[in-house]
Amino acid sequence: MSASNPGPARRFLRGTWRVVDVSRRVVLNLVFLAILAVVIVVLVKSGPPVLDEKTALVLDPDGTIGEQKTGNLRSTALEQVRGDTTQKLQLRDVIAVLETAAADPKISSLVVILDDLQPTGFATLREVAAAIDRFKASGKKVVAWGSSYEQGQYYVAVHADEVYLHPLGAVSLSGFGGMHNYYKDVLDKLGVSVNLIRVGTYKSFGEPYIANGPSPAAVEADTALYGSLWKTYTDDVEKQRKLAPGSIMQAIDNLPERLAAAGGDLARLALNEKAVDGLKTRDELRSLMIQRGATDADEKTFRQVSFDDYLARVKSRLGGDAIGVVVAEGEIIDGTAPAGTIGGLSTANLIRRARENKEVKAVVLRVNSPGGSAFGAELIRRELELTRAAGKPVIVSMGDVAASGGYWISTASDEIIADPATITGSIGVFALLPTADQTLAKIGVHPAGVGTTWLTNAGDPRLPLEPRLADVIQKSVDHTYVDFTTRVASARKMTVAGVDAVGQGRVWSGAQAKDRGLVDRLGFFGDALKAAAARAKLGDKPRLIYIEREPGAWARVVAMLNTQVSSLIGAQIDARVGGLGVPPAVTRDAQRELGWVAEIAEHKKPFAAIVHCLCGGPF
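What you see is a predicted model; the values in this text were computed from it and never measured.

> Break down the overall build of the protein for me, with residues and values.
Counting its secondary structure elements, the protein contains 23 helices and 24 strands. When the 619 residues of the protein are sorted by exposure, 45% land in the buried category. Long-range pairs, those at least 24 residues apart, make up 76% of the contacts in the protein between residues at least 6 apart in sequence. By element, 57% of the accessible surface of the protein is carried by carbon and sulfur atoms, the whole surface being about 30,800 Å².

> Pulling in residues and values, what's your account of the packing of aromatic side chains?
Following the criterion strictly, the structure yields eleven aromatic pairs and no others. Seen in terms of ring centroids, tryptophan 408 and phenylalanine 484 are 4.7 Å apart; in terms of plane orientation they differ by 45°. Their pairing is tilted. One end of the pair, tryptophan 408, is in helix H16 (residues 405–408); the other, phenylalanine 484, is in helix H18 (residues 467–492), with 76 residues separating them in the sequence. Judged by relative accessible area, tryptophan 408 falls into the buried class, the value being 2%. Residue placement shows arginine 92 over the ring face of tyrosine 546; its charged tip is 3.8 Å from the ring centre. If you follow lysine 280 out to its NZ or CZ, it ends over the ring of tyrosine 164, 5.2 Å from the centre.

> Can you break down the sheet that holds strand S1 (residues 55–59) residue by residue, with the values?
The six strands are arranged S8-S6-S5-S4-S1-S11 in an open sheet whose pairing can be described as parallel. Edge strands, defined here as strands with exactly one partner in the open sheet, are strand S8 (278–279) and strand S11 (304–306). Pairing of strand S6 (residues 162–165) with S8 involves two bridges; the strand directions are parallel. Across the sheet, the residue bridging to tyrosine 164 is glycine 278, located in S8. Helix-sheet contacts for helix H4 (residues 122–137) involve strand S4 (107–113) and strand S5 (141–146), and the interaxial angle to S4 is about 150°.

> Describe the confidence of the model for the protein, and please don't skip the residues or the numbers.
Close inspection of predicted coordinates is inappropriate in any region flagged by low pLDDT. Overall, the predicted model of the protein reaches an average pLDDT of 87, with 82% of residues at or above 70. Between residues 553–573, whose pLDDT stays under 50, and residues either more than four places distant or in other chains, the model counts 24 contacts. Note on residues 575–580: pLDDT under 50 across the span, and four contacts to partners over four residues away in sequence or across chains.

> Requested: an account of unusual backbone geometry, with residues and values cited.
Of note in this structure, serine 404 is not a glycine but carries a positive phi near 55°. Tracing the chain through its elements places serine 404 in the loop between strand S17 (394–403) and H16. Overall, the relative accessible area of 0% leaves serine 404 in the buried class. A positive phi angle, near 55°, is found at serine 426, a position not held by glycine. Mapped onto the elements, serine 426 comes out in the loop between strand S19 (423–425) and strand S20 (429–435). Judged by relative accessible area, serine 426 falls into the buried class, the value being 1%.

> Please provide a residue-by-residue account of the pattern of salt bridges, values included.
Using the criterion set out here, one finds 29 salt bridges in the structure. The shortest N-O distance in the salt bridge between arginine 92 and glutamate 548 comes to 2.8 Å. Of this pair, arginine 92 sits in helix H3 (residues 91–102) while glutamate 548 sits in the loop between strand S23 (543–546) and helix H22 (553–577), and the two are 456 residues apart along the sequence. In this structure arginine 92 comes out as buried when scored by relative accessible area, which is 15%. Residue glutamate 548 is classed as partly exposed on the basis of its relative accessible area, which comes to 32%. When the shortest N-O distance is used, the salt bridge between arginine 382 and glutamate 385 registers 2.5 Å.

> Provide a residue-level description of the pairing of strand S18 (residues 415–418), including the pertinent values.
Every other side chain in a regular strand lies on the same face of the sheet, so the side chains alternate between the two faces. Burial along S18 is two-sided: Glu415 and Ile417 facing one way and Ile416 and Ala418 facing the other are all buried. When S17 meets S18, the two strands line up parallel, connected through three bridges. What sits directly across from serine 397, in S18, is isoleucine 417.

> Could you give me a rundown of helix H8 (residues 216–240), with the residues and numbers involved?
For H8, which comprises 25 residues, the first-to-last C-alpha distance of 36 Å matches the rise-based estimate of 36 Å (1.5 Å per residue) to within 8%. Just past H8, the residue lysine 242 takes up positive phi, approximately 55°.

> Before we move on, could you go through empty space enclosed by the protein and cite the residues and values that matter?
One pass over the full model with this rule turns up two cavities of 30 Å³ or more. In this model, the largest cavity occupies a volume close to 60 Å³. Around the largest cavity sit Glu67, Leu91, Arg92, Ile95, Val325, Val327, Arg366, Phe525 and Tyr546, which together line it. Those elements that provide at least two residues to the lining of the largest cavity are H3 and strand S12 (322–329). Per element, the largest residue contribution to the lining of the largest cavity is three residues, and it comes from H3. Its residues assigned to classes, the lining of the largest cavity shows six nonpolar, no polar and three charged. The wall of the second largest cavity is formed by Leu59, Pro61, Ile65, Val112, Leu114, Leu117, Leu125, Val128 and Val156. Class assignment of the residues belonging to the lining of the second largest cavity gives a composition of nine nonpolar, no polar and no charged.

Cut-off values and rules
- Residues numbered from 1 in each chain as written.
- Predicted model: local features only at pLDDT ≥ 70, side-chain atom pairs only at ≥ 80, totals over all residues.
- Heavy atoms only, no water.
- Helix = DSSP H or I, 4+ residues; strand = E, 2+ residues; numbered from the N terminus.
- Buried < 20%, exposed > 50% of the residue type's maximum accessible area, 1.4 Å probe, protein only.
- Contact = heavy atoms within 4.5 Å.
- Areas by Shrake-Rupley, 256 points an atom, 1.4 Å probe, with all protein chains shown as cover.
- Phe/Tyr/Trp six-rings, centres within 6.5 Å; stacked < 30°, edge-to-face > 60°.
- Lys NZ or Arg CZ within 6 Å of the ring centre and 35° of its normal.
- Pairing = 2+ DSSP bridges.
- Axes fitted to C-alpha atoms, helices over the stretch in contact; angles between N-to-C directions.
- pLDDT = per-residue confidence, 0-100.
- Salt bridge = Lys/Arg side-chain N within 4 Å of Asp/Glu carboxyl O.
- Expected span 1.5 Å × (residues − 1).
- 1 Å grid on protein atoms, 1.4 Å probe; cavity = no way out; pocket = protein on both sides within 12 Å on 5 of 7 lines; lining within 4 Å.
- Points joined across faces, edges and corners; volume = space filled by probe spheres on them.
- Nonpolar A, V, L, I, M, F, W, Y, C, P; charged D, E, K, R; others polar.

Here is the structure:
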C-alpha cells in the first residue's frame, strides 16, 4: 500500500491525533489566558501599598537628571549589557513627585541623599532646587545628607532646611569653566586638513580643529559667560546658607590658610565656613529621622518611601483640554532620531501631532540643545510657525542649553522663557570640510579620476579643497547667517543690525540674553506652563500631554552604526596615549570631538550649514 493512499486504520489514527492536538492547544491557551487575566486583576486591584502617617520621602537620584530618557527600553537593556549603567532620571518625574508629595498628608518630610547624582546641567539643578523650595513652602522639613558634595550636588543640598555632611567628607567648590582639546598639531601630523568656513567672530565651534588654543574672541565670550553663571550659583548658595555676599570666593581664595586652621580636616572646614549644619554619619542621620518621624520596625530604620515607589503613585489626569509638551533635547540632525537627539523630521512630526490633536490647546517646546543642522532646525521652526498660525499658542522653555540651532527653533514662539543659567544665543553659522589628501600621500596613495564638471570631484575628501567650492560654501554660509539673523530680528522685534551686534556666534547666559532682548523673561519650566495655560485659557492646573515618539528598529541600527566612526578613532587615540597615564575623560572627549569631524566627512552632501555652539553646562 502506498504512503499516498493510507489505509482506514492509519486515517483513523491521524484524525484522532488531530483532535487530540487541537484540544491540547485550546486547553493550554485557555489556561494561559486565565492566568493572564488573574495577574492583570491582581495588579489592577493591588496597587502600591498604603502609606502610613509620618512617612519620609527619600530622593536619592542615581545618575543624571535630564528632560527625557534616551533611546527606549530595548536600547537601555543593550547599554546595560555593554556595561554602560549610567541612568537618567527625568526632570518631569522629579517635579511631579515633589509636588504630589507636598500635598500628601502622609508625607511628613523629605530626605535628599545626593551621593549618586551624576553631573547634571545647572539649569536642570535649579529646576530641582525650585521644586524642593515648593515642597518646603508646604511646611514640611527637608534634610540633605552626603558623604561628600560635588559642586552640582551641593547646589541642590543647600535648598534643604538642614545640610549634613559625613565627618570624613568635604564640600568641593571649584568654580565654572573647563578645558578644550585642540587638535591642529595632531591633525597636521596625520595629514588631515580641516577647512573651516564660518560667519561670526565668536563662532568658536571649529577652532579646536584649526588651532592649538582658543581665539581672543572665544576667551572673551567664555569668560563673560562663566562669570555670569558663577554669579548666579554663588548668589543663590550664599542666600540659602545665609552667608555674606562674596563669602564663597573668599573661602576659595583663602583655602590653604583656612584648611590649615581646621587642622587639614575638610569636613571641619565646611562646618567652620557654615557650608553645612552638622557632621553626621549615615546611622546618625537615620537616628535623627527616627526621632522626628516614626520607626519602621521591620527595616529598623525611619518610616520612608523611595522616589521610585512614590513615582508609581503619581497619576496622570485623563481626558479634557491640555497643554502639549514637546521635548527637543540633544543635537539637531536632518532626519529622524530617537529620544536624546533631535531629528528635524521626527521632531517636526511631533509638533504637527500636537497641532492636530484636538485636546491640545497650546504647545510648550522644552529646548535643551546646542544646535546642529540648520536644515533640521528650520523644519522644526516651520512646524511651530504653522502651529501658531493654527491658533495654538507656542511657548518655549529653555533648559540647560538652547544655543545656535537650539535658538533657531525657539524663534517661532509667542514667548521665550529662559533660566538665568541657560546657555543660549550663539547666532552664527559654519561649515567644516575635512580633507585627507596629505594623509594618503604619506602612505603612497594618489587618487585620480575624471569628471564631467569641476564639481564632480570637488567635494571628495581625498583631494584638497577646490577654491571655487570654498567660495560657493562661503556664500551659502553667509546667506544662512543672513536668514538666521533676519528670522531672529522679526521674532524679537529687533533690527538685523541689532541682532548681528549680539550675534556673531557669541553665547550668553539666560540672564545676559534677557538684558539683550533675546528672551522675553526668566523663569522655570512651570512658568512656561502657566504662560501657555493663560494664553489658551486653561486655568491654573492644566493637564499635560507629552508628545513623544518611540524609535523604530531601523533608527536604532542607524544610531548604533553612527558610533562606529568615533569608536575607531577612539581606539587609535587609546592605543597612542592609553599607556601614558592620560585620564580616560581626556580620551573620551577626543574620541567624541574627532569622531564628529569624521562623521561630517562621511555625509553624502558636499557640505552642510551647521548651527552648533560646542557648548554645554558648566558641571
